[in-house]
Amino acid sequence: MSAQLNPSDPTQPSQADILAALASGSFRPKQPPQTVTYSELGPEASSSLVSSSSGSKRNAGRVYCFRQGCGSLIILPETGELVETDVPVLPEDPASPFPPTPATPSYWRVPTPFSFENIGYSRPDATTSIPPSSPGMDTAKGKVKWLICAECDLGPVGWSFEGGKESWVAVERVRYAKPVEGGEALVKEVQETQEV
Ligand SMILES: [Zn+2]
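Quick look at the structure, then. (Residues numbered from 1 in each chain as written. Predicted model: local features only at pLDDT ≥ 70, side-chain atom pairs only at ≥ 80, totals over all residues. Heavy atoms only, no water.)

Quick notes on the coordination of the zinc ion
For the record, the criterion: Donor atoms: N, O and S within 2.8 Å of the metal, or within 3.2 Å for Na, K and Ca. Because water is excluded, sites can look incomplete. Here the metal geometry follows the donor angles, with tetrahedral for four donors whose angles all fall between 85 and 135 degrees, square planar for four and octahedral for six when opposite donors are more than 155 degrees apart and every other angle is between 65 and 115, and irregular for all the rest. Summary of the burial criterion: residues with accessible area below 20% of their type's maximum are buried, those above 50% are exposed, and those between are partly exposed, where the area comes from a 1.4 Å probe applied to protein chains only.
Taken together, the protein donors to the zinc ion comprise Cys65 (SG), Cys70 (SG), Cys149 (SG) and Cys152 (SG), at separations of 2.3 Å. Classification of the site at the zinc ion as tetrahedral follows from its four donor atoms and the range of 105 to 116° in their angles at the metal. Taken in chain order, the donor set of the zinc ion reads C-x4-C-x78-C-x2-C. Given the relative accessible area of 22%, cysteine 152 is considered partly exposed.

Some thoughts on the pattern of salt bridges
Applied cut-off: A pair is scored as a salt bridge if a Lys or Arg side-chain nitrogen falls within 4 Å of a carboxyl oxygen belonging to Asp or Glu. In DSSP terms, a helix is any run of H or I states spanning at least four residues, a strand is any run of E spanning at least two, and both are numbered starting from the N terminus.
Counted under the stated rule, the structure contains three salt bridges. Here glutamate 84 ties to lysine 57 by a salt bridge, and the two come within 3.6 Å at their closest N and O atoms. Taken together, the residues span a long stretch of sequence, with glutamate 84 in strand S6 (residues 81-84) and lysine 57 in strand S3 (residues 56-59) at a distance of 27 residues. Given a relative accessible area of 35%, lysine 57 falls into the partly exposed group. Of the charged contacts, one joins arginine 109 and glutamate 166 as a salt bridge, the two residues approaching to 2.3 Å between their closest N and O atoms. Of the two residues, arginine 109 sits in strand S7 (residues 106-110) while glutamate 166 sits in the loop between strand S10 (158-161) and strand S11 (167-170), which places them 57 residues apart along the sequence. Counted as one network, the salt bridges with shared partners bring together Glu81, Arg109 and Glu166.

Quick word on the packing of aromatic side chains
Put simply, the test is: Two rings from Phe, Tyr or Trp (for Trp, the six-membered ring) form a pair when their centres are within 6.5 Å of each other. A pair whose planes differ by under 30 degrees is stacked, one over 60 is edge-to-face, and the rest are tilted. Should the NZ of a Lys or the CZ of an Arg lie within 6 Å of a ring centre and within 35 degrees of the ring normal, that charge is described as sitting over the ring.
Counted according to the given criterion, the structure contains six aromatic pairs. Each ring, one from tryptophan 159 and one from tryptophan 168, has its centre 5.6 Å from the other, and the planes form 15°; the classification is stacked. Each of the two residues, tryptophan 159 as well as tryptophan 168, counts as buried. In textbook terms, an aromatic cluster arises when at least three aromatic residues are bridged by ring pairs, as seen for Tyr107, Trp159, Phe161 and Trp168. Over the face of the ring belonging to tyrosine 121 we find lysine 145, whose NZ or CZ atom lies 5.0 Å from the ring centre.

A short note on the pairing of strand S12 (residues 174-177)
Cut-off, in case you're wondering: Pairs of strands are assigned from DSSP output, requiring at least two bridges between the strands.
Across three bridges, strand S1 (residues 35-37) lies against S12 in antiparallel orientation. Looking across to S12, one finds that threonine 35 is bridged to alanine 177. Bridge analysis of strand S4 (residues 63-65) against S12 gives three bridges, and the strand direction is antiparallel. Across the sheet, residue cysteine 65 finds its bridge partner in S12, namely valine 174.

Following this line, the structure appears as structure tokens:
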């Protein structure tokens, strides 16, 4: 005896439902994108993730939420500018899935909130102070706001400031489109474009 699919079963999406979801753009593929973490790329991480254009190092590929299975797209290629520091800024939570912050952490500087594909911001945090030498502190006027995944709330993956435009995303708290073996390198030459 085998179970029969009941075409009128209300728990099963009908073909019409699926087509409607596809048409509205709300249909999400079951398989999240193939991604790797910063540390999985090893010592070559910065060369395989970064493209250099006119003196600034930018993310060569797409950047996603750290939570495997979430797959939320955070920034598109060439959006974040690599900032190399010796300032660990983000609070550590041993219960989080994030790896420990390295002694010399790097961040993607993202110019405006509109540069993100998907991101969430916390309320201004009056209780946490970040190191004075943190990127952005020199011009910050407001309190720190933490960046979290817009879809699953995982965070903080970075920070911004109340009233400020720029954001910084920790390179080790996001995932990267998997480099294709023998295929297109993630390091790509970028046409020099004049930014205004
Ligand atoms: Zn997420």
